[in-house]
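Topology and contacts: notes
Here are the chains, one letter per residue:
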Amino acid sequence: MDFWPEGYRCCVNISFDYDSNSALMRRAPLDIVAQSRGRFAPNVAIPRILDLLDKHEIPATFFTPGWTVDQFTESVEDIVGKGHELAAHGYLHERLAEISKEAEESVFQRGLEAFEKVGVKPVGFRAPYWLISDRTLKLVQRLGFKYDSNMMDSDMPYMLKWRGKETGLVELPVEWMLDDWPQFETHRRSPEAAYAVWKPEFEGLYELGRYFGLTCHPQAIGRISRINMLDKLLTEMKAKGDVWFASCKDIADWTRKKLA
Ligand SMILES: [Zn+2]
């Protein structure tokens, strides 16, 4: 398989859905303890994550609701200042397929306005809960995004054709098994249990020369035992010597060059 830039056998993207307390503000505005868990991200997890990415010299993508940018601006500026990619992820972590057309358009608009404050025009979009409709895909195209990261039908990036038509978007597919939320939040599994799911998936994709995209949430992965596990996994990946670690934007650009 010679899909990737020369010298690289497979590709790894590490992404962080920087939700902070956005979903909780919408779902349970009176529950101040639940919201405090979201603030673990700017307070503790983001500095830890940025140090880890520095240590391994890995670029990452942070899918960030506009709310997070508005409330935790300095933290978001730290991320951008380190050269990581900031990409769109709703405003208050909305369930986009379940709100009105007008409400959905307003979510995108508010998100883009928040990003403007930190000087970023996002080129990528990942929906909260990976929940989108046909309408969402049309909006994403109309707003000029370059890639989408919601589908689960491949473990390679590809040009997204939808209902028989080219969308012009690159798709960077995802999977619940490569998401830290079910591991650590839904099922409260140990770091070792998550490692036991992720490591063989990486090894298999590495052998086949394919794409490993990991989705993490700062408030979940940022606890020290879990970030130490991620550190171990990244160390093993880097030791291969021919893994291309790239942001979603760079992978999307590369995919377009190869396939469009
Ligand atoms: Zn999210």
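See above for the structure.
Everything numeric here is computed off the predicted structure, so don't read it as measured data.

1. Here's the deal with unusual backbone geometry
Backbone geometry places serine 20, a non-glycine residue, at a positive phi of 45 degrees. With respect to the element layout, serine 20 can be found in the loop between strand 1 (10-17) and helix 1 (22-27). One non-glycine residue with positive phi stands out, namely tryptophan 130, at about 50 degrees. Along the chain, tryptophan 130 falls in the loop between strand 4 (124-125) and helix 6 (134-142).

2. Digging into helix 4 (residues 73-81)
Residues separated by three or four positions in an α-helix point in the same direction, a consequence of the helix having 3.6 residues per turn. Three or more residues of helix 4 are buried, namely Ser75, Val76 and Ile79. What you see down the axis of helix 4 is that its buried residues fit within an arc of 100 degrees, all on one side. Residues of helix 4 that are exposed and angled more than 90 degrees away from the buried face: Glu74 and Gly81. Buried residues along helix 4 sit against helix 2 (32-56), strand 2 (61-64), helix 3 (66-71) and strand 3 (85-88). Directly after helix 4, the chain includes glycine 83, whose backbone phi takes a positive value near 90 degrees.

3. Some points on the pattern of salt bridges
Scanning all chains against the criterion turns up 18 salt bridges. We note a salt bridge from lysine 101 to glutamate 105, for which the minimum N-O separation is 3.3 Å. Here glutamate 105 and lysine 101 lie together in helix 5 (residues 101-117), a separation of four residues that amounts to about one turn. Here lysine 101 falls in the partly exposed class, since its relative accessible area comes to 45%. Accessibility expressed as a relative area gives 28% for glutamate 105, which makes it partly exposed. Across the pair aspartate 253 and lysine 249 runs a salt bridge whose closest N-O atoms are separated by 3.0 Å.

4. Remarks on empty space enclosed by the protein
Space left empty within the atom packing is revealed by a probe, the size of a water molecule, rolled over the atoms. For the coordinates displayed, the defined rule picks out one cavity of 30 Å³ or more. Taken as a whole, the largest cavity spans an internal volume of roughly 80 Å³. Lining the largest cavity are Thr64, Ala88, His89, Gly90, Val107, Phe108, Gly111, Leu112, Phe115, Pro122, Phe125 and Phe145. With five residues, the top contributor of residues to the lining of the largest cavity is helix 5. Of the residues belonging to the lining of the largest cavity, the class tally is eight nonpolar, four polar and no charged.

5. Describing the coordination of the zinc ion
As a benchmark, a tetrahedral metal site with four donors has ideal angles of 109.5 degrees, while an octahedral site with six donors has ideal angles of 90 or 180 degrees. Surrounding the zinc ion are the protein donor atoms Asp19 (OD), Asp19 (OD), His89 (NE2) and His93 (NE2), at 2.1 to 2.5 Å. Geometry at the zinc ion is irregular, judged from the four donor atoms that bind it and their angles of 53 to 139 degrees at the metal. Site description for the zinc ion: donor spacing in sequence, D-x69-H-x3-H. Of this pair, aspartate 19 sits in the loop between strand 1 and helix 1 while histidine 93 is found in the loop between strand 3 and helix 5, placing the two residues 74 residues apart along the sequence. Judged on exposure class, the residue aspartate 19 and its partner histidine 93 are both buried.

6. What to know about the pairing of strand 3
Every regular strand shows the same layout, with side chains that alternate between the two sheet faces. Along strand 3, one buried face is formed by Glu85 and Ala87 and the opposite face, lined by Leu86 and Ala88, is buried too. Of the pairings in the sheet, the one linking strand 2 to strand 3 comprises four bridges and is parallel in character. The residue of strand 3 that forms the bridge with threonine 61 is glutamate 85.

7. Some remarks on the packing of aromatic side chains
According to the stated counting rule, one finds 13 aromatic pairs in the structure shown. An angle of 75 degrees between the planes, with centres 6.3 Å apart, marks the rings of phenylalanine 184 and tryptophan 198 as edge-to-face. Of the two residues, phenylalanine 184 is situated in helix 7 (residues 180-186) and tryptophan 198 in helix 8 (residues 191-208); the sequence distance between them amounts to 14 residues. Comparing phenylalanine 184 with tryptophan 198, the two get one shared label, buried. Taken together, the aromatic side chains of Phe3, Trp4, Tyr8, Trp244 and Trp254 make up a single cluster linked through ring pairs. Sitting above the plane of the tyrosine 206 ring, arginine 9 keeps its charged end 5.1 Å from the centroid. When the ring centre of tyrosine 195 is taken as reference, the NZ or CZ atom of lysine 232 above it lies at 4.2 Å.

8. Regarding the packing of helix 2 against helix 10 (residues 224-239)
Packing of helix 2 against helix 10 brings their axes to within 11 Å, and their N-to-C directions diverge by 15 degrees. In terms of orientation, helix 2 lies roughly parallel with respect to helix 10. As helix 2 packs across helix 10, the resulting crossing turns out to be right-handed. Contacts between helix 2 and helix 10 involve Arg48, Ile49, Leu52, Lys55 and His56 from the former and Ile224, Ile227, Leu230, Asp231, Leu234, Thr235 and Lys238 from the latter. For the contact of helix 2 with helix 10, the class distribution of residues is six nonpolar, two polar and four charged.

So, how was this worked out
Residues numbered from 1 in each chain as written. Predicted model: local features only at pLDDT ≥ 70, side-chain atom pairs only at ≥ 80, totals over all residues. Heavy atoms only, no water. Helix = DSSP H or I, 4+ residues; strand = E, 2+ residues; numbered from the N terminus. Buried < 20%, exposed > 50% of the residue type's maximum accessible area, 1.4 Å probe, protein only. Arc of directions from axis to C-beta. Contact = heavy atoms within 4.5 Å. Salt bridge = Lys/Arg side-chain N within 4 Å of Asp/Glu carboxyl O. 1 Å grid on protein atoms, 1.4 Å probe; cavity = no way out; pocket = protein on both sides within 12 Å on 5 of 7 lines; lining within 4 Å. Points joined across faces, edges and corners; volume = space filled by probe spheres on them. Nonpolar A, V, L, I, M, F, W, Y, C, P; charged D, E, K, R; others polar. Donors = N, O, S within 2.8 Å, 3.2 Å for Na, K, Ca; no water. Tetrahedral: all angles 85-135°; square planar, octahedral: opposite > 155°, others 65-115°. Pairing = 2+ DSSP bridges. Phe/Tyr/Trp six-rings, centres within 6.5 Å; stacked < 30°, edge-to-face > 60°. Lys NZ or Arg CZ within 6 Å of the ring centre and 35° of its normal. Axes fitted to C-alpha atoms, helices over the stretch in contact; angles between N-to-C directions. Parallel < 35°, antiparallel > 145°, perpendicular 65-115°, else oblique. Left-handed = near helix turned anticlockwise from the far one by under 90°.

Coordinates in, geometry out; function isn't part of it.
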